[in-house]
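Close look at the chain arrangement
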Amino acid sequence: MQLAVLARLLSVGRAVLAALRGRLGALCWSLVPLSLPLSLSLPGWRNSGPRPQREQEWDDTPPTPTSVNYHFTRRCNYKCGFCFHTAKTSFVLPLEEAKRGLAMLKEAGMEKINFSGGEPFIHDRGEFVGKLVQFCKQELELPSVSIVSNGSLIRKQWFEKYGEYLDILAISCDSFGEDVNVLIGRHQGKKNHVENLHKLRQWCREYTVAFKINSVINRFNVEEDMNEQIKALNPVRWKVFQCLLIEGENSGEDALREAEKFVISDEDFDRFLDRHKDVSCLVPESNQKVK
């Protein structure tokens, strides 16, 4: 009788674990298992040649989601021509469901969470992402909570309410010439993206939030010299991406963007990096590295 009960409990436990894995997979658009070696082969990938015994042993072990990018919305108020996470749906998970999923990720080993989109401040005027940031820092006690935003919808009142729960704010800025930002699609109405960037930098200082800048290098800004402006803003990190085509997102028949005209060569990207090699906070992300 006891053996039958134990067998039943084991069966239920396996079912619960399977359900948890499914929910975790659905929650996040991207998981980055930083706690594992980068050479780890994921299930379904084919590699040629012999494989180390230790790697074979890890094949059936789910990776620990140490660092999670949560793209909770696809909507955005900008129309950047190279965007690879376009607004194909307006769905956003209800707040309590999102919190439940984040708690499950914490149980699975999450230490860092990054909220992105789309534009994360577009939903509920930033209240949604604010409540998630507060939950992750106050309830889950995560060491690192960050947001990537275009910055256009952030107000000082948001910092007053939620700034103490945010560790890092990354603002996307591809050019320090407003005419180039307009060509790219990183603008809205008469707002000046560069002026707003400086305002956000000051708010981050006031509320002790680490400030980062993300730039996508493309055909319209590849010749620009950003040394002076980046050094003046003094971000903790300047992440520089090479414009990347993603089938079905910014390239192909089903895409909402046509990013082909923004693409640059590896040589173009390397020349841009060489021009900015003296910027100590520069972190390059080539297409090969992103893939």
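As the structure is a computational prediction, the values presented were derived from the model and not from experiment. (Residues numbered from 1 in each chain as written. Predicted model: local features only at pLDDT ≥ 70, side-chain atom pairs only at ≥ 80, totals over all residues. Heavy atoms only, no water.)

1. Some words on the overall build of the protein
Heads up, the rule is: Strands are runs of DSSP state E lasting at least 2 residues, helices are runs of H or I lasting at least 4, and numbering of each runs from the N terminus. Should any heavy atoms of two residues lie within 4.5 Å, those residues are counted as being in contact. Each accessible area is a Shrake-Rupley estimate made with a 1.4 Å probe; only the visible protein chains count as cover when residues are assessed.
If you tally the helices and strands in the protein, you get ten helices and eight strands. Taking all contacts inside the protein whose residues are at least 6 apart in sequence as the whole, residues at least 24 apart take part in 74%. Counting every atom, the protein has about 16,300 Å² of accessible surface; 52% of that belongs to carbon and sulfur.

2. Topic: helix α7 (residues 193–206)
This is how it is decided: Take the number of residues in a helix, subtract one, and multiply by 1.5 Å to get its expected span. Working definition: with a 1.4 Å probe on protein chains only, accessible area under 20% of the residue-type maximum means buried, over 50% means exposed, and in between means partly exposed. Any N or O atom pair separated by 3.5 Å or less is treated as a polar contact, with the protein-specific requirement of one donor-capable and one acceptor-capable atom, and with residues adjacent in sequence counted only for side-chain atom pairs.
Here α7 is 14 residues long and its end C-alpha atoms lie 20 Å apart, about the 20 Å a rise of 1.5 Å per residue gives. For α7, the set of buried residues is His-193, Val-194, Asn-196, Leu-197, Leu-200, Arg-201, Trp-203 and Cys-204. On the buried face of α7, the contacting elements are α5 (156–162), β5 (168–172), α6 (178–184), β6 (210–217) and α8 (227–233). Sitting at the amino-terminal end of α7 is Asn-192, which places a side-chain oxygen 3.0 Å from the backbone nitrogen of Val-194.

3. Some remarks on the packing of aromatic side chains
Threshold: Stacked, edge-to-face and tilted are the three classes for Phe, Tyr and Trp ring pairs, Trp counted by its six-membered ring, which pair at centre distances within 6.5 Å; planes under 30 degrees apart are stacked, over 60 edge-to-face, the rest tilted.
Taken as a whole and judged by the stated rule, the model has twelve aromatic pairs. Ring geometry for Phe-72 versus Phe-128: centroids 5.1 Å apart, planes at 45°, classification tilted. Remark: Phe-128 occurs in helix α4 (residues 127–139) and Phe-72 occurs in the loop between β2 (67–71) and α3 (95–108); sequence separation between them is 56 residues. Across the pair, Phe-128 and Phe-72 agree in class, each one buried. By way of ring pairs, the aromatic residues Phe-121, Trp-158, Phe-159, Tyr-162, Trp-203 and Tyr-207 are connected into one cluster.

4. Focus on the environment of Val-68
One can find Val-68 in strand β2. Residue class for Val-68 comes out buried when judged on its relative accessible area of 0%. When the C-alpha positions of Val-68 and Leu-105 are compared, they lie 8.6 Å apart, and in sequence the two are 37 residues distant.

5. Focus on unusual backbone geometry
A cis amide bond links Gly-117 to the next residue, Gly-118, at an omega of 15°. Note on placement: Gly-118 falls in the loop between β3 (112–116) and α4. Positive phi, close to 50°, is recorded for Arg-125, a residue that is not glycine. With respect to the secondary-structure elements, Arg-125 resides in the loop between β3 and α4. Owing to a relative accessible area of 79%, Arg-125 belongs among the exposed residues under this scheme.

6. Focus on a negative patch on the surface
Convention followed: Like-charged residues are merged into a patch within 9 Å and nonpolar side chains (Val, Leu, Ile, Met, Phe, Trp, Tyr) within 5 Å, provided each residue has over 30% relative accessible area and no salt bridge. Put simply, a salt bridge is a Lys or Arg side-chain nitrogen that is within 4 Å of an Asp or Glu carboxyl oxygen. We score Asp and Glu as negative and Lys and Arg as positive, and we do not count His or the chain ends. Note on charges: their place is set at NZ of Lys, CZ of Arg, CG of Asp or CD of Glu.
Residues Glu-247, Glu-253, Asp-254, Glu-258 and Glu-260 make up a contiguous surface patch of negative charge. The exposed category is assigned to Glu-247, whose relative accessible area is 63%.

7. Some remarks on the pairing of β5
Applicable threshold: Every crossover in which the path from the first strand over the helix to the second runs clockwise, viewed with the strands pointing away from the viewer, is termed right-handed. When DSSP finds at least two bridges between two strands, those strands are taken to pair.
The buried count for β5 comes to four of five residues, which makes it a mostly enclosed element. Viewed along the sheet, the connection from strand β4 (residues 144–149) through α5 into β5 turns out right-handed. Pairing geometry for β5 and β6, over five bridges, is parallel. Considered in β6, the bridge of Ala-170 is made with Lys-212.

8. Some details on the environment of Ser-152
Summarising the element assignment, Ser-152 is placed in the loop between β4 and α5. A relative accessible area of 4% means that Ser-152 is categorised as buried. Put simply, Ser-152 and Tyr-78 are 74 residues apart on the chain and 9.0 Å apart in space, counted from C-alpha to C-alpha. Residues contacting Ser-152, with those up to four places away along its chain left out, are Asn-77, Tyr-78, Gln-188, Lys-191 and Asn-196. Among the polar contacts listed, one links the side chain of Ser-152 to the side chain of Asn-77, at a separation of 2.8 Å.

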